[in-house]
Amino acid sequence: MSNLWVSIIFLVLIIGTILFFKVLIDRVERGNHYEAKESKETRQNNGKKIPVQDFIDVKDIKRNVIVRSDNNYTMVIRVGSVNYYLMSPAERSVVINGLLGVANSISFPIQIFSTTELIDTMDAVKEIKIHYSDLPSALKPYSAYLAEALTSLRYDQSVMVKHSYIIIPYYTRDGFEAAYSELMRRAIILQDGLAQAGIKASVLTTNEIVDFLHGVMNRGDTLKPSEVIEAGGLDLYVG
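Residues numbered from 1 in each chain as written. Predicted model: local features only at pLDDT ≥ 70, side-chain atom pairs only at ≥ 80, totals over all residues. Heavy atoms only, no water.

Side note on the pattern of salt bridges
Right, on to step 1. Per the counting criterion, the structure on display carries 5 salt bridges.
Right, on to step 2. In this structure, R78 and E208 form a salt bridge, with 4.0 Å as the shortest nitrogen-oxygen distance. Here R78, found in strand β3 (residues 72-79), pairs with E208, found in helix α7 (residues 206-217); they are 130 residues apart in sequence, far enough to count as distant.
Right, on to step 3. Take E208: its relative accessible area is 28%, and that puts it in the partly exposed class. (Salt bridge = Lys/Arg side-chain N within 4 Å of Asp/Glu carboxyl O. Helix = DSSP H or I, 4+ residues; strand = E, 2+ residues; numbered from the N terminus. Buried < 20%, exposed > 50% of the residue type's maximum accessible area, 1.4 Å probe, protein only.)

Here is the structure:
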């Protein structure tokens, strides 16, 4: 009788071991199947072309506002600088009090963003060329030399300048006009406050935003997309 029970127990252990290993094998096979499926989907997604608007989350730029996805809008302010350490104690107090006033007036989120960019002298070159014909003949050679020197400086990769920006985000479901009004209100608050500290600030125009985004994503590139657009670079574009 005892031998019968031992045989039954032994048989149960064998069947249990077989079932255990079968379950393990099934799990491994299912895991390999899922991994192969995920790998195939990943390869398909990698081969899929992603629109640049989705990649950088910029749907449109109009009236100095970046239109982003999910009812998000952004305005960018370029902030000037002051020579704080060259100021007198009284001038420093004006700057500090002005910045404290800005900090106290902000009731909305902002982001401070700084970049190191190639120096841009092309606006000065344009001004020289515009007024070239009005100059006395004695100054024209000097003017041409100055324009050439400034142009060379623009493409000198070793001359850099630092710029600071304040990025103002805003979310609303009320459409672009509501977003534009609120962003302008916030921008004016910041501009007025910074002016009290003697710091110049200006809202980037649509063309300046295009150049700003291009510069952030293509550091060291001397191309200005706004100039390409003004020269008719998009005339042949078919969207």
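Additional details are given in the paragraphs that follow.
Some words on unusual backbone geometry
Right, on to step 1. Of note, D70 is a non-glycine position whose phi angle comes to about 55°, a positive value.
Right, on to step 2. Turning to its location among the elements, D70 is positioned in the loop between β2 (65-67) and β3.
Right, on to step 3. One non-glycine residue with positive phi stands out, namely N71, at about 65°.
Right, on to step 4. Take N71: it is sitting in the loop between β2 and β3.
Right, on to step 5. When its relative accessible area of 33% is taken as the criterion, N71 is described as partly exposed.

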